[in-house]
Each structure stands twice: as structure tokens, then as C-alpha cells.
Amino acid sequence: MDPAQLTLNYGEDAASRKDTVREETIAARLMESSTGEIRLMEMICERENMRNALRRVESNDGAPGIDKMKVTRLRGFLRRTGKAVKAALLNGTYKPKPVRRKEIPKPDGGIRLLGIPTVLDRFVQQCIAQVLQEIWEYTFSAYSYGYRPGRSQAQAVEQFRKYVEEGYTYVVSLDLSKFFDRVNHDRLTSHQGQAGSEDHTGVPEQRYYGQRPR
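Values in this document were obtained by computation on a predicted structure and should not be read as measured data. Each chain has its residues counted from 1, following the order in which its sequence is written. Selection of residues for local features in this predicted model requires a pLDDT of at least 70, selection of side-chain atom pairs for listing and counting requires 80 or more, and totals for whole chains, interfaces and linings are taken over all residues. Think of the side-chain values as coming from all heavy atoms in the structure, minus any hydrogens and water.

What is the right way to look at the packing of helix H4 (residues 47–60) against helix H5 (residues 74–91) in this model?
Between two packed helices, both the angle of their axes relative to each other and the distance between the axes serve to describe the pair. Axis definition: a line fit to C-alpha positions, over the contact stretch in the case of helices; interaxial angles, taken between N-to-C directions, run 0 to 180 degrees. The helix and strand labels rest on DSSP assignments: H or I over at least four residues marks a helix, E over at least two residues marks a strand, and numbering proceeds from the N terminus. At their nearest, the axes of H4 and H5 sit 13 Å apart, and the two run at 135° to each other. Looking at the two axes, H4 sits oblique to H5. Crossing handedness for the pair H4 and H5: right-handed. Here Met50, Leu54, Arg55, Val57 and Glu58 of H4 lie close against H5, whose contacting residues are Leu74, Arg75, Leu78 and Leu89. Relative orientations are named as follows: roughly parallel for angles under 35 degrees, roughly antiparallel for angles over 145 degrees, roughly perpendicular for angles from 65 to 115 degrees, and oblique for any other angle. Note on convention: the crossing is left-handed when the near helix lies turned anticlockwise from the far helix by less than a right angle, right-handed when the turn is clockwise. Pairs of residues are marked as contacts when any of their non-hydrogen atoms sit within 4.5 Å.

Even after reading the chapter, I still don't get the side chain of Arg122, so can you show me in this structure?
Checked against the element boundaries, Arg122 lands in helix H6 (residues 119–136). Only protein chains enter the accessibility calculation, which uses a 1.4 Å probe; a residue is then buried when its area is under 20% of its type maximum, exposed when over 50%, and partly exposed in between. Positive charges come from Lys and Arg, negative ones from Asp and Glu, while His and the chain ends are left out of the count. When a carboxyl oxygen of Asp or Glu is within 4 Å of a side-chain nitrogen of Lys or Arg, the pair counts as a salt bridge. One buried charged residue, Arg122, forms no salt bridge at all, with the nearest opposite charge on Asp61 at 6.0 Å. Ignoring anything within four residues of it in the chain, the contact list for Arg122 reads Val57, Asp61, Gly62, Ala63, Val71 and Pro117.

Help me understand the confidence of the model for the chain, please; the structure alone is not making it clear to me.
Fine structural detail should not be taken from predicted coordinates in areas where pLDDT scores are low. Taken residue by residue, the chain gives an average pLDDT of 79. The fraction at 70 or more is 71%. The predictor attaches a confidence to each residue, called pLDDT, with possible values from 0 through 100. Counting interchain partners and residues more than four positions distant, the pLDDT-below-50 stretch residues 10–18 has 10 contacts. This stretch, residues 210–214, has a pLDDT under 50; its non-local contacts, to residues over four places away or in other chains, come to 15 contacts.

What am I meant to see in unusual backbone geometry here?
Glycine aside, a negative phi is what most residues show, and trans is what most peptide bonds show. Notably, Lys68 is not glycine yet its phi reads approximately 65°, a positive angle. Phi at Tyr147 is positive, roughly 55°, even though this residue is not glycine. With respect to the secondary-structure elements, Tyr147 resides in the loop between H6 and helix H7 (153–165).

Just to check I follow, could you spell out the pattern of salt bridges for this structure?
It is possible for side chains bearing opposite charge to pair when their charged atoms get close. Tallied over the entire structure, the rule returns 6 salt bridges. Across the salt bridge formed by Arg75 and Glu58, the nearest N and O atoms sit 2.7 Å from each other. Separated by 17 residues along the polypeptide, Arg75 in helix H5 and Glu58 in helix H4 bring together distant segments of the chain. Given a relative accessible area of 32%, Arg75 falls into the partly exposed group. In this structure, the salt-bridge partner of Glu137 is Arg148, at a minimum N-O distance of 2.5 Å. With Glu137 in the loop between H6 and H7 and Arg148 in the loop between H6 and H7, this pair connects stretches of sequence that are 11 residues apart. Among the ionic contacts, a cluster of salt bridges with common partners joins Glu48, Arg51 and Arg55.

Quick look at the structure:
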């Protein structure tokens with residue numbers, strides 16, 4: 001193999017540049033805080049963040065969880081109980097319900113296990129994800145296109161086309177089989193917490209992301 005084939009730029013240089021959006025987000029929270037500390041859960045529970053999360057959950061629709069509440073009922077539910085949900089998040093007493101187990105047949109045989117949270121838990125997860133995304137997005141490679149805002153398969157294909165034009169001829173395809181089923185979630189969230197503490201941001205505890213399926 002040509003040694004030049006191993007010198008692909010994965011975007012680390014781009015990732016090392018200042019992320020102005022992240023810095024502005026954190027700076028704004030510091031200005032609003034009387035203690036000068038970044039309060040992550042307060043950021044998550046901000047009105048505009050929760051409104052955006054509600055709109056996102058409604059647009060995604062999806063099946064109900066174990067409580068059988070549909071997405072169409074979520075807005076009305078939050079009108080009645082939103083203050084209590086927010087208070088529970090802020091004081092650490094919010095407890096997600098178990099996810100509903102759903103078995104999805106795979107095209108090549110076997111079964112994929114899917115856990116379906118309640119729509120309220122999906123709303124809370126979306127609130128959390130939006131804030132964490134602002135904080136962590138800058139750490140990803142500029143050449144990473146999966147499951148990221150403003151990124152698409154079309155962009156990945158276009159980058160692949162550029163590599164071909166530059167003379168690269170080898171493709172290495174890797175897949176971590178059942179990664180999310182097998183990864184040690186305690187170690188993963190611990191690592192996130194350690195990285196977050198370096199930026200004084202912290203990470204919400206794992207309990208907000210749902211319980212074992214049933």
C-alpha cells in the first residue's frame with residue numbers, strides 16, 4: 001500500500017480551531033449567572049430550549065411508550081404539569097419511566113431490540129441533547145457526517161468524491177457490532193463527566209435517559 005494512502009486528514013486541525021458558537025453560548029450563560037458558574041440543568045430548563053425541544057418531539061412524532069400517551073397530547077400535558085416537570089429536573093427528583101420493548105426483524109435475520117421511551121421522557125432527553133450538542137459539537141472531526149446537525153449523507157459522498165479525485169484508492173470499512181448494546185454505559189458517562197468538569201459544564205446523570213426496557 002502506498003504510504004500516502006495513510007495520510008488522510010480527519011479534520012483534527014479544523015476541530016482544534018476556536019468554536020465561536022460554543023464560546024458565545026457559554027459566555028452568555030456566565031453573564032446570566034450571579035455566581036459565575038455554568039449551571040447545566042438551568043440551561044436545559046430554559047424556556048426557549050424547552051420550546052424548541054417540544055417542537056422537535058412533535059415533528060418527529062413516533063410511537064407512545066409504556067404509558068400509551070401519544071405525541072399529540074404532549075403539549076397539553078406540559079401546559080398542565082410543565083412547572084412540576086421543570087422543578088423535578090432542577091432539584092434532581094425527575095425519574096424517567098421504563099422504556100417499552102419493541103422487536104424489529106433485521107433484513108439479514110435476527111432481531112434488533114428497540115426501547116421506546118414515553119413522549120415526556122423523549123421531551124426531557126431532547127432538552128438535554130440540545131444543550132449538550134452546543135457544548136460537545138466542536139469536539140467532533142470536521143469530516144464526521146453521521147447524526148450531526150447540518151451534516152448529511154450527500155456531504156459524505158461529496159467528500160468521498162474529492163478523495164477519489166485526489167488519488168486515494170483504498171476504502172476501509174469498520175463497524176462496531178452492537179456497540180450501544182455492549183458499551184459500558186457507566187464508564188461512558190463517567191468519561192463524559194470528567195471531560196465536562198474540565199470545562200466546568202458537567203453532564204446530566206444517566207438516569208435522565210431512561211430505564212431498562214420491559
